[in-house]
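# Topology and contacts: notes
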Amino acid sequence: MENNYIEKIQIHRKNRIAGLYPSAKGFIVLAYSISTFILGTFHLTDMRLDLLLIPWFFVIPVLCIISGVLAKSMKAMKAVATVSAIIFAAQLFLIPGGKVLWSFGFLKIYVYGLRSAIRLSFLVLDVAGIFVWLFQTTSNKELSRAMEDSGMNYKAAYVFMSSLQMIDILGKNSKSIMNAQRARGVETEGNLIIRAKAFFPSLVPLILGAIIGSEERVLTLEARGFSMQCQKTHLFKLDHSGLEKPAVILSTLITSALLAGRVIWGIMR
Amino acid sequence: MEKKKYSIKTDFTMLAILLIPIGVAVNFVGGQLASILKLPMYLDTIGTIFAALLCGPWVGAVTGALTNVLTGIANPVNFAFIPVNIIAGLVTGFLARKGMFSIWWKWILSMLIMAAVSIISSAPIVVLVFGGVTGSGTSLITAAAMAAGANIWAAFFGTEGIFTVLDRVISFVICWMVMKVIPARTLVKFPIGSNYLHKKSQTK
Amino acid sequence: MGDYAIECKNVTYTYPLAENPAIQDLSAGFEKGGFYGIIGENGAGKTTLCVILRGFAPDFYKGELTGQVLVEGKTIPEYKTELAAKIGYVFQNPFNQISGVKETVFEEVSYGLENFGVPVDEIEERVINVMQMTDIEELAYKSPFELSGGQMQRVALASVIVLEPDILIIDEPTSQLDPEGTDSVFRIIRELKEKKKTIILVEHKVDLIAEYADEVLVLKNGKLIAQGKPEDILSDMSLPEQGVALPQVAVLGNMLRQKGFPIDRIPITEKQAAEEFQKAMSRRSGRP
């Protein structure tokens, strides 16, 4: 009997950082986020800007490179960067207060604006960025398994996985329903009212079908022993890459050092 | 009608557990359709609302929270709005339990309550965390208003406020339409489903 | 008289909010290893009967049930969640039978076994066997959602069969499938019969029932109006008025008989038809 099937459904990552056990990765995310907030309390220069958040961001691409996922993360990083840039621009030009740093015509940049721009946009960039790293190095399957392992109720893990799959399925269905509606003559271009009206025939059948389908799915799950109160086995096993301990220790050290540094800096001023 | 005793446990029946992923997916698709149709609203709480209508506040809250957790994966800005969606689920669910959706005028009243609650709960987050601009379409309008000189809070309530009301109106109308066509047999399987039975239908 | 896999005695069931019962005073016994076909017009209560036999009603569907349903001599509440190991159930809509949490067909089929706590090596062996039996081996790594209706239904069957239940209740498994999908499902059911499972099949395509059933039950308006061997039931010309479609060869045989052909027995399968018509023609031309 080939032992192929079970092997083939496992996920083995060659890169030992990307292959870290999910809880270790979670720890890194937590440590990074806490550090981000610590760094955000260093108000530098007399304009009190949170400048340290800027270099701190570059930890993320470095992390992505050593995890081997830089190329994959580009799309998500771009999305996050765009949001961050919009926030930066909005804060920069719209928040008044303090000295005027720059003006051109009616555009003015105030100190408060610069401060707020740097703080908010880089906070978002940093925190969002580390999550991008997490999700680019961990698949849905691994996340779900890690949740169950850490003691989460199997029903909760089911809801998580099923939501991810449902988003895919209903997303595809919605496109075909909308096309079908278009073919029937429902207008999807035009003024706001027309477009808003197109919303209904696209969504209602989708929701209805999904609700009615879940009746049978409940029974199907019951028939597969979903509610059985025995010890379940799992085909899918999570890997340890071996670097878990060093990763956790390093993250703790860095965060503690930053915290200590902040305290000392505060005392010295 | 005897007073039903509700508890968190009875709310989370198997069917409710299966409804959550659907609610999450509908939230997601709603948002997607809204942007394809270029509507200036998020329309991403439809799933939360009907989960709350059928199964109560806790199921609604979980649906809302989970939606933001999952969409946050793609756009972490959404993480910040988890409380808003939780509150939306809770409020709708409690209103539903109290039978606040049995007659048309109660629907409208509940709708307005919901809209108000959403605006009030999201305002602090948008303004304090994001300075009024989250990068979304409606927040850019807010930004424009602020550029024109309006105070942050005024700009927010003036723009997001109106669009949120519209958003909730459309979301509730969709839920109402769906409720109308769900067969009675299916409705009774949900914890609060019996509240929506049409008086006329006595047969299967 | 073998002993009964499932037995129901004077069962009457009413759906919640319904005025009339969906099943009225129905008594039937399903012997171990037997293949039972359930036929009747739409709304006759066939699916209702199935969910009652499996215990989904009144448990999940609510409503009121009087009478008794016994599975291998025990009442359903006595089984609690262990009934899944005894009775397998296949629904009409293949899509609703995908668990929604597994990314490959292989894992989908294993899901039930994982829940039952079966050791990993045993899981692999059983799943491989079942995949071969249901002809889905080549689909093993595909996502369950990317399959055709027929393929999905075979996966659903596999996921149920792998749990090795003794009894299988199969409710119109081919109604949403194309002819090719239908054939593939029929093949599997045939194999199940060879494995001596107790099979209760609801089907509109009476030809399959004609071939394999040991006994046929006819429902109308929630009542059991006829029960007996396929040869007797499926050649009964009064049934079409009750909304039951008979096999084409039976209708043909009856027409020929009415035109004066010396048809001995009304055939219900193509094989029988060929034999009967051959004999009738020989008789007509005077040959012995």
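Look up a bit, the structure's there.
Residues numbered from 1 in each chain as written. Chains lettered and ligands numbered in written order. Predicted model: local features only at pLDDT ≥ 70, side-chain atom pairs only at ≥ 80, totals over all residues.

Time to look at the overall build of chain C. From N to C terminus, chain C includes 11 helices and 10 strands. In chain C, the proportion of contacts linking residues at least 24 apart, taken out of those at least 6 apart, comes to 63%. (Helix = DSSP H or I, 4+ residues; strand = E, 2+ residues; numbered from the N terminus. Contact = placed C-beta atoms within 7 Å.)

Time to look at the packing of helix 6 (residues 149–161) of chain C against helix 7 (residues 179–194) of chain C. All names here are of chain C. The N-to-C vectors of helix 6 and helix 7 enclose an angle of 15°; their axes lie 8 Å apart at closest approach. By the angle between their directions, the pair helix 6 and helix 7 is classed as roughly parallel. The element helix 6 and its partner helix 7 pack so that their crossing is right-handed. When helix 6 is examined against helix 7, the residues Gly149, Gly150, Gln153, Arg154 and Leu157 are found in contact with a partner set consisting of Glu180, Gly181, Ser184, Val185 and Ile188. Of the residues in the contact of helix 6 with helix 7, the class split is 3 nonpolar, 5 polar and 2 charged. (Axes fitted to C-alpha atoms, helices over the stretch in contact; angles between N-to-C directions. Parallel < 35°, antiparallel > 145°, perpendicular 65-115°, else oblique. Left-handed = near helix turned anticlockwise from the far one by under 90°. Nonpolar A, V, L, I, M, F, W, Y, C, P; charged D, E, K, R; others polar.)

This paragraph deals with the interface of chain B and chain A. With 41 residues of chain B at the contact, the number on the chain A side is 46 residues. Within the residue set of the side of chain B that touches chain A, elements represented by two or more residues are helix 2 (14–36), helix 4 (57–74), helix 7 (137–147) and helix 8 (152–181) of chain B. The element best represented in the side of chain B that touches chain A is helix 2 of chain B, accounting for 16 residues. Broken down by class, the residue content of the side of chain B that touches chain A amounts to 33 nonpolar, 6 polar and 2 charged.

Attention now goes to the sheet that holds strand 2 (residues 23–31) of chain C. What links the strands of a sheet is backbone hydrogen bonding, and the strands pair in either a parallel or an antiparallel sense. Residue and element names in this part refer to chain C. On the basis of which strands lie adjacent, the open sheet formed by 4 strands has the order 2-1-4-5 and antiparallel pairing. The strands lining the two open edges of the sheet, one partner per strand, are strand 2 and strand 5 (74–75). Where strand 1 (residues 4–14) lies against strand 2, 6 bridges are found, and the strand directions are antiparallel. Each residue of the ladder has a partner; that of Tyr13, found in strand 2, is Ile23. Helix-sheet contacts for helix 1 (residues 46–53) involve strand 1, strand 2 and strand 4 (64–71), and the interaxial angle to strand 1 is about 120°. (Pairing = 2+ DSSP bridges.)

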